[in-house]
Amino acid sequence: MKVLKFGGTSVANAKNIALVKNIVANSQVNKNIVVVSALGGVTDLLLSTATLASAQDNTYKNSLKEIEERHLITIKELIPVLQQSKVLSKVKSELNTLETLLEGAYLIGEITPKLSDKIVSYGELLSSYIISEYFIAEQLNCSYKDSRELIKTNSNFGKAIVDFATTNSNCKEFFTAVPEQVIVMGGFIASSTSGDSTTLGRGGSDYTAAIIASAIDAELLEIWTDVSGMYTANPRIVKQAMPIPHISYEEAMELSHFGAKVLYPPTIQPVLSKGISIVIKNTFDAENEGTLITKNKNELGKTVRGISHVEHIALLSLEGPGMVGIPGISKRFFEVLSQANISVVLITQASSEHSICVGVSDNDAIKAVQIVNEAFEYEISLGKIKPVIAEEDLAIIALVGDNMKRHQGLSGKMFSTLGKNNVNIRAIAQGASERNISAVIVKDDVKKALNTLHEEFFEDNTKQLNLFVMGVGNVGTKFLNQIQQQRKFLKENLKLNIRVIGISNSRTMVFDEDGISLKSWDEKLKAGEKTDKQKFFENIQKLNYRNSIFVDNTASAEVSETYASYLKNSISVVTCNKIACSSEYNNYKNLKDLARKYNAPFLFETNVGAGLPIIDTLKNLIASGDKILKIQAVLSGSLNFLFNNFNDQSTFHDIVKQAQEQGYTEPDPKIDLSGIDVMRKILILARESGNKIDIEEITNTPFLPEESLATTNNEDFFASLIKYEADFQKMFKEANDTGSKLKYVAQYEDGKASVGLQHIPKGHDFYNLEGSDNIVLFYTERYPNQPMIIKGAGAGAEVTASGIFADIIRIGNF
Ligand code: ADP
Ligand code: ASP
Ligand code: MG
């Protein structure tokens, strides 16, 4: 004999019920007890209809209509026309009774738990009857049985307690005698000794199946649902979750206790004592092995078997000096809660004995506070205990595994993983069996916490980085291309899984929680919604993904002003935009401090020398105890290009024009030629060397005539270059006559920085600097005479993109 239970989704409609029939028809055993739930969603509908009726809201009739329709359509689609009338008339008569019950609730304006159970029982009564008739019509050797005749309970409506002695003997007697091979029954419903309909608690059909399996010593209990087994975490929240092939009763019980809804927690108990195995299988993928639940065979292997979570938790803390050393306080506390039927999901006690903290359901919070405060009124009046308060909107997450007790350091790993991702932990508990470690966190962090922990304990140490990219011009486009090319490599070699979740340019923005395909991001972006920087931020904040990185590929001051809000939400910032780091010192400092405080890296390697590892090298020197004595650098690819090409055979004007056309300068070339851009760069290097310095403190000796500097548009600017050509030629000649080259040099020494054009003699490190290359010389305590030199292409979209990419990888390895 075998018991097969089919859940709400499995029997939601005619199409699904046909799949159920195939599964039952293929079962190899001589007797199959098929326990079914109500058609998916019907239990919720019945409850909401009853609530409407009892609130004397007329619209309950519409809900009732919907319930009727669902059943009638299912019958019409399932049962051949010739056999339909009998089934339809029976179902209609049941629906009439249901209507009368609801009318009663409407007239009295009230619904008792007893009436509620009566009403809600129609879900399973109707589904099981319809399915049995369909099986019969499909030639299965089948009969129907009303579960209420077999499963007997007390009168604790809503979640009745089973009378096992009577139930077991009823089941044994009935199933031994019943001749058919398939018996269809409703789950969840039962009846009290006085004959009233009762229910076993939401999700209780699993329990019905387990009770029967145990009573008749079934060889197997199969739970057929809409997922392929019990997963390492709720698959709806953790995309990378996977089915657990084999798990012990205790582990399954613990996971379901902490919210793995796939199995109703009490289900395990009846079969555990008989050693009957449970298999959880997928009605929509019947071939899939699913999950096998048996006794612990002490298989070594995974220490953490699964992660689950319960939402809607409130934390009550009983604390005060009066608790120390006085025995019985906690006993009284728990008694009060239990007398009020409030179940405690989690308990923690501070080692000081100063406080006890319990997790209860949000629904029970107000009542719990009230009764506990009443019970301890005397102690509270004496100031020995503080009045209890409830902190609501929390959730519990739990790591579960039989072998966890054998491994040290799991809780450390759990909490540091959560901490790194800025998940605030409100309380911690470890089950006495050491089979679980649980933490109470705020509800909004659940998704992030589950995914982070899942990644840590199940995903082969692969770390997922979630990128939000603003700005997809030259650099941004190259950056996205590079990610697309490297994704596979990074995953395999660095265990980094990079996903781009959001992209925005100045016109539109697009989000895809599963990652935007990098092959077609531009089409998606075009079809996106209108850009709104604040909304872009809010979306990221709402998604609350772990390892979120905001990438700024713009040159916008407005965008740079949003960094602080990202960092404050533990969202890292990577930027090639120099504005923030070269703004007022306090702003720069604030961003660096926020990054530290919120554990969110703020990286801007590309602000100096594009992809060259200049800032990172500087940081490493300092971190390892070195001290910067002097920095000398050519940091402007544009200026280097200009002075490498300008000579007595050309005009300065033409070379600047050429540089502008080839993209070597900013659209406004004056930003480069005035030295502003280089000032910003040396400022950033000076700051990263540990100096509090502002841009006004940098000495800038301009080589442009005042008139050129004063122009306000490109046309006037270029005209002024023609006008002063003789001065430029003089500048060239003076250098050339001494065998030197002109280089625009930035310098930092003794807390002072300067920028300006210099004559560089042959043999100097700068002399042979080609094209638009950059060079930096770091003179430090460890490199006092022979500086550390970093040299290479210092401008261009491709290298800048690769510099941003390198910052992303730094965060990945963080
Ligand atoms: P049924 O109606 O078949 O009883 P349920 O909705 O009660 O199905 O349970 C199945 C659902 O449980 C899945 O669709 C999934 O959303 C949820 N679930 C939560 N945690 C887990 C988990 N760890 N493994 C599998 N499913 C889970
Ligand atoms: N139909 C009931 C519910 O939705 C029982 C079950 O499906 O297990 O809670
Ligand atoms: Mg269920």
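Residues numbered from 1 in each chain as written. Chains lettered and ligands numbered in written order. Predicted model: local features only at pLDDT ≥ 70, side-chain atom pairs only at ≥ 80, totals over all residues. Heavy atoms only, no water.

- Looking at an unreviewed UniProt entry, one finds the chain named Aspartate kinase and attributed to Cellulophaga baltica.
- Per UniProt, the chain has the following entry under Subunit (unreviewed entry): "Homotetramer." (UniProt positions renumbered as here; feature names shortened; annotations may be inferred.)

### Some remarks on the site of ligand 1
For step 1, the next point in the chain: Taken together, 16 residues sit near ligand 1, with T225, D226, Y231, R236 and K261 positioned nearest.
For step 2, the next point in the chain: Here an oxygen atom of ligand 1 sits 3.0 Å away from a polar atom, N or O, in the side chain of K5.
For step 3, the next point in the chain: Here a nitrogen atom of ligand 1 and a backbone polar atom of Y231 are 2.8 Å apart.
For step 4, the next point in the chain: Coverage of ligand 1 by the protein chains reaches 90% of its 560 Å² of free accessible surface.
For step 5, the next point in the chain: Looking at side-chain class alone, the shell around ligand 1 contains seven nonpolar, five polar and four charged residues. (Near = heavy atom within 4 Å. Polar contact = N/O pair within 3.5 Å; in protein donor to acceptor, adjacent residues only side chain to side chain. Areas by Shrake-Rupley, 256 points an atom, 1.4 Å probe, with all protein chains shown as cover. Nonpolar A, V, L, I, M, F, W, Y, C, P; charged D, E, K, R; others polar.)

### Structural notes on the sheet that holds strand β27 (residues 741–749)
For step 1, the next point in the chain: Strand order in the open sheet formed by six strands is β26-β28-β27-β25-β29-β30, and the pairing between neighbours is mixed. Each having just a single partner strand, β26 (699–701) and β30 (788–793) make up the two edges of the open sheet. Each neighbouring strand pair of the sheet contributes to a mean axis angle of 20 degrees, computed without reference to strand direction.
For step 2, the next point in the chain: Packing of helix α25 (residues 676–688) onto the sheet brings it into contact with β25 (628–634), β26, β27 and β28 (752–760), and relative to β27 it is tilted by some 35 degrees.
For step 3, the next point in the chain: The sheet strands contacting helix α28 (residues 725–737) are β27 and β28, and the helix crosses β28 at an angle near 75 degrees. (Pairing = 2+ DSSP bridges. Helix = DSSP H or I, 4+ residues; strand = E, 2+ residues; numbered from the N terminus. Axes fitted to C-alpha atoms, helices over the stretch in contact; angles between N-to-C directions. Contact = heavy atoms within 4.5 Å.)

### A closer look at the side chain of N436
For step 1, the next point in the chain: As for its position among the elements, N436 is in strand β17 (residues 436–442).
For step 2, the next point in the chain: The class for N436 is buried, based on a relative accessible area of 4%.
For step 3, the next point in the chain: Within polar-contact distance, the side chain of N436 engages the side chain of E254 at 2.5 Å.
For step 4, the next point in the chain: Polar contacts involving the side chain of N436 include one to the side chain of S438, which spans 3.2 Å. (Buried < 20%, exposed > 50% of the residue type's maximum accessible area, 1.4 Å probe, protein only.)

### Notes on the environment of H354
For step 1, the next point in the chain: The topology assignment puts H354 in the loop between β13 (344–349) and β14 (355–361).
For step 2, the next point in the chain: H354 gets classed as partly exposed once you look at its relative accessible area, which sits at 37%.
For step 3, the next point in the chain: Put simply, H354 and G322 are 32 residues apart on the chain and 8.0 Å apart in space, counted from C-alpha to C-alpha.
For step 4, the next point in the chain: Not counting residues up to four positions away in its chain, the partners in contact with H354 are L318, E319, G320, P321, M323 and V324.

### Brief notes about the site of ligand 2
For step 1, the next point in the chain: With respect to spatial proximity, the complete set of residues near ligand 2 consists of S37, T43, E124, F188, R202, G203, G204 and S205.
For step 2, the next point in the chain: Between ligand 2 and G203 there is a distance of 2.8 Å, counted from an oxygen atom to a backbone nitrogen or oxygen.
For step 3, the next point in the chain: G204 places a polar main-chain atom, nitrogen or oxygen, 3.4 Å from an oxygen atom of ligand 2.
For step 4, the next point in the chain: Residue composition of the shell around ligand 2, grouped by class: one nonpolar, five polar and two charged.

### Details of the pattern of salt bridges
For step 1, the next point in the chain: Inspection of every chain in the model, using the stated rule, returns 35 salt bridges.
For step 2, the next point in the chain: Of the charged contacts in the structure, one is a salt bridge between E149 and K145, with a shortest N-O distance of 2.5 Å.
For step 3, the next point in the chain: On the accessibility criterion, K145 (13% relative accessible area) is buried.
For step 4, the next point in the chain: Close ionic contact of K592 with E688 constitutes a salt bridge, the shortest N to O distance being 2.9 Å. One end of the pair, K592, is in helix α20 (residues 585–597); the other, E688, is in helix α25, with 96 residues separating them in the sequence.
For step 5, the next point in the chain: Several salt bridges converge on common partners, so that one network encompasses E605, D616, D807 and R810. (Salt bridge = Lys/Arg side-chain N within 4 Å of Asp/Glu carboxyl O.)

### Regarding the packing of aromatic side chains
For step 1, the next point in the chain: Taken as a whole and assessed by the stated rule, the structure comprises 25 aromatic pairs.
For step 2, the next point in the chain: Measuring from centroid to centroid gives 5.9 Å for F6 and W224, while their planes differ by 15 degrees, and the two rings are stacked. Taken together, the residues F6 in strand β1 (residues 2–6) and W224 in strand β8 (residues 220–225) connect sequence positions 218 residues apart. The exposure classification of F6 matches that of W224, with both residues buried.
For step 3, the next point in the chain: Ring-pair connections join several aromatic residues into one group, and the members of that group are F468, F511, F536, F537, F550, Y563, Y566, F602 and F604. (Phe/Tyr/Trp six-rings, centres within 6.5 Å; stacked < 30°, edge-to-face > 60°.)

### Notes on the nonpolar core
For step 1, the next point in the chain: Of all hydrophobic cores here, the largest spans 81 residues; its most connected members are V3, F175 and I212.
For step 2, the next point in the chain: In terms of domain composition, this core takes at least three residues from each of domain 1 (2–226) and domain 2 (304–458).
For step 3, the next point in the chain: Not counting the four nearest positions on each side in its chain, I212 is found in contact with V3, I33, V35, I151, C171, F175 and M185. (Core = buried A, V, L, I, M, F, W, Y, C linked by side-chain atoms within 4.5 Å. Domains from an automatic or database assignment.)

### A word on the domain arrangement of the chain
For step 1, the next point in the chain: Each assigned domain of the chain is listed with its residue range as follows: domain 1 (2–226), domain 2 (304–458), domain 3 (463–600) and domain 4 (615–795).
For step 2, the next point in the chain: On a C-alpha basis, the centroid separation for the pair domain 1 and domain 3 is 51 Å.

### Examining the sheet that holds strand β2 (residues 32–36)
For step 1, the next point in the chain: Spatial ordering of the open sheet is given by β3-β5-β2-β1-β8-β10-β11-β9, a layout of eight strands whose pairing is mixed. Strand pairing shows two members of the sheet lacking a second neighbour, β3 (142–145) and β9 (246–248), which therefore form its edges. Averaged over all adjacent pairs, the angle separating strand axes in this sheet is 20 degrees, with direction ignored.
For step 2, the next point in the chain: Where β8 meets strand β10 (residues 277–282), six bridges bridge the pair, whose relative direction is parallel. The residue bridging I223 from the neighbouring strand is I280, located in β10.
For step 3, the next point in the chain: Running at roughly 85 degrees to β9, helix α8 (residues 249–257) makes contact with β9, β10 and β11 (291–294) of the sheet.

### Digging into the environment of P179
For step 1, the next point in the chain: By secondary structure assignment, the location of P179 is in the loop between α6 (164–177) and β5 (182–186).
For step 2, the next point in the chain: Residues P179 and N141, spaced 38 residues apart in sequence, show a C-alpha to C-alpha distance of 9.0 Å.

### Thoughts on unusual backbone geometry
For step 1, the next point in the chain: Of note in the backbone geometry, N547 takes a positive phi value of approximately 45 degrees without being a glycine.
For step 2, the next point in the chain: When you line up the elements, N547 lands in the loop between α17 (533–543) and β22 (548–552).
For step 3, the next point in the chain: Phi is positive for D750, which is not a glycine, with a value near 50 degrees.
For step 4, the next point in the chain: Among the structural elements, D750 can be located in the loop between β27 and β28.

### Examining α6
For step 1, the next point in the chain: The end-to-end C-alpha distance of α6 is 20 Å, a good match for the 20 Å that 14 residues give at a rise of 1.5 Å each.
For step 2, the next point in the chain: Buried within α6 we find T167, N170, C171, F174 and F175. All buried residues of α6 project into a common sector of 105 degrees when viewed along the axis, lining one side. Counted as exposed and oriented over 90 degrees from the buried face of α6: A165, E173, T176 and A177.
For step 3, the next point in the chain: Its side-chain oxygen at 3.3 Å from the backbone nitrogen of A165, D163 defines the N-terminal cap of α6. (Expected span 1.5 Å × (residues − 1). Arc of directions from axis to C-beta.)

### Observations regarding the pairing of strand β6 (residues 189–192)
For a regular strand, side-chain orientation follows a simple rule: the groups alternate between the two sheet faces.
For step 1, the next point in the chain: By the alternation rule, side chains of β6 split into I189 and S191 and A190 and S192, which are all buried.
For step 2, the next point in the chain: Relative to β6, strand β4 (residues 152–153) runs parallel, the two sharing two bridges. Across the sheet, T153 pairs through a bridge with S192, a residue of β6.
For step 3, the next point in the chain: The antiparallel pairing of β6 with strand β7 (residues 197–199) creates a hairpin that spans four residues between the two strands, and G195 there sits at a positive phi of about 90 degrees.

### A look at the packing of α6 against helix α7 (residues 205–215)
For step 1, the next point in the chain: Relative to each other, α6 and α7 sit at 70 degrees, their axes nearing to 9 Å. Taken together, the axis directions place α6 and α7 in an arrangement best described as roughly perpendicular. Here the hand of the crossing between α6 and α7 comes out right-handed. Seen from α6, the contacting residues are F164, T167, N168, C171, K172 and F175; seen from α7, they are Y207, I211, I212 and A215.
For step 2, the next point in the chain: Within the contact of α6 with α7, the residues separate by chemical class into seven nonpolar, two polar and one charged. (Parallel < 35°, antiparallel > 145°, perpendicular 65-115°, else oblique. Left-handed = near helix turned anticlockwise from the far one by under 90°.)

### Quick notes on the packing of helix α23 (residues 652–661) against helix α27 (residues 714–723)
For step 1, the next point in the chain: Interaxial distance between α23 and α27 falls to 8 Å at its minimum, and their mutual angle equals 145 degrees. The residues of α27 that touch α23, namely those facing F652, H653, V656, K657 and Q660, are N714, F718, L721 and I722.
For step 2, the next point in the chain: Residues belonging to the contact of α23 with α27 are distributed by class as follows: five nonpolar, three polar and one charged.

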